[in-house]
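Residue-level structural notes
What follows is the residue order along each chain.
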Amino acid sequence: MEIKKTAIAGTLESSDIQLTISKADNGISIDLQSDVKKVFGDQIESVIKDTLAKLDIKDAKVKAVDKGALDCVIKARTIAAIQRAAETTDTPEWEVL
């Protein structure tokens, strides 16, 4: 899947995460802002990277602002942002779920 534009998914509300995904040329880079980064940062980044890999995204710049989201929320927001960025919201990749 190819990223065509910058896209955002999620909110800055408690128990959510806001993801901004845009084009990149040199692999996956994640800028994570979270009050719990010290404890859960590796897990949050892992969920994002795994979801990107399942969607065959090899190059992307991700900015994540976490407000205590669970893994399932992180995955859902990542999928939504990628589909918006790739302009494929009308044909979701259900097998990734």
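Residues numbered from 1 in each chain as written. Predicted model: local features only at pLDDT ≥ 70, side-chain atom pairs only at ≥ 80, totals over all residues. Heavy atoms only, no water.

**Quick notes on the overall build of the protein**
The secondary structure content of the protein amounts to 2 helices and 4 strands. Moving toward the C terminus, one meets the helices and strands of the protein in the order β-β-β-α-β-α. Relative to the compact-globule value of 13 Å for 97 residues, the protein shows a C-alpha radius of gyration of 12 Å, a close match. With 97 residues in all, the protein has 39% of them scored as buried. Contacts in the protein between residues at least 24 apart in sequence constitute 75% of all its contacts with a sequence separation of at least 6. Total accessible area on the protein stands at roughly 5,800 Å², and carbon and sulfur atoms take up 48% of it. Between the averaged position of the 14 positive side-chain charges in the protein and that of its 17 negative side-chain charges there is a distance of 3 Å. (Helix = DSSP H or I, 4+ residues; strand = E, 2+ residues; numbered from the N terminus. Rg over C-alpha atoms; globule rule 2.2 N^0.38 Å. Buried < 20%, exposed > 50% of the residue type's maximum accessible area, 1.4 Å probe, protein only. Contact = heavy atoms within 4.5 Å. Areas by Shrake-Rupley, 256 points an atom, 1.4 Å probe, with all protein chains shown as cover. Lys, Arg positive; Asp, Glu negative; His and termini not counted. Charge placed at Lys NZ, Arg CZ, Asp CG, Glu CD.)

**A closer look at helix 2 (residues 71-85)**
In this model, helix 2 (15 residues) spans 21 Å end to end at C-alpha, consistent with the 21 Å of a helix rising 1.5 Å per residue. Residues Ile-74, Thr-78, Ile-79, Ala-81, Ile-82, Gln-83 and Ala-85 constitute the buried set of helix 2. Packed against the buried residues of helix 2 are strand 1 (7-9), strand 2 (17-22) and helix 1 (37-54). Following helix 2 by one or two positions, Glu-87 has its phi on the positive side, about 55 degrees. (Expected span 1.5 Å × (residues − 1).)

**Notes on the pairing of strand 3 (residues 28-34)**
Sheet analysis places strand 3 next to strand 4 (residues 60-66), joined by 7 bridges and oriented parallel. In the sheet register, Ser-29 faces strand 4, and the bridge partner there is Lys-61. Note that the unit made of strand 3, helix 1 and strand 4 has a crossover that is left-handed. (Pairing = 2+ DSSP bridges. Right-handed = clockwise from strand over helix to strand, strands pointing away.)

**Concerning unusual backbone geometry**
For Ser-15, which is not a glycine, the phi torsion comes out positive at approximately 70 degrees. One can find Ser-15 in the loop between strand 1 and strand 2. Judged by relative accessible area, Ser-15 falls into the partly exposed class, the value being 46%. In this model, Asp-56 sits at a positive phi of 60 degrees, which is unusual for a non-glycine residue.

Interpretation note: all reported values are geometric properties and have no functional meaning in isolation.
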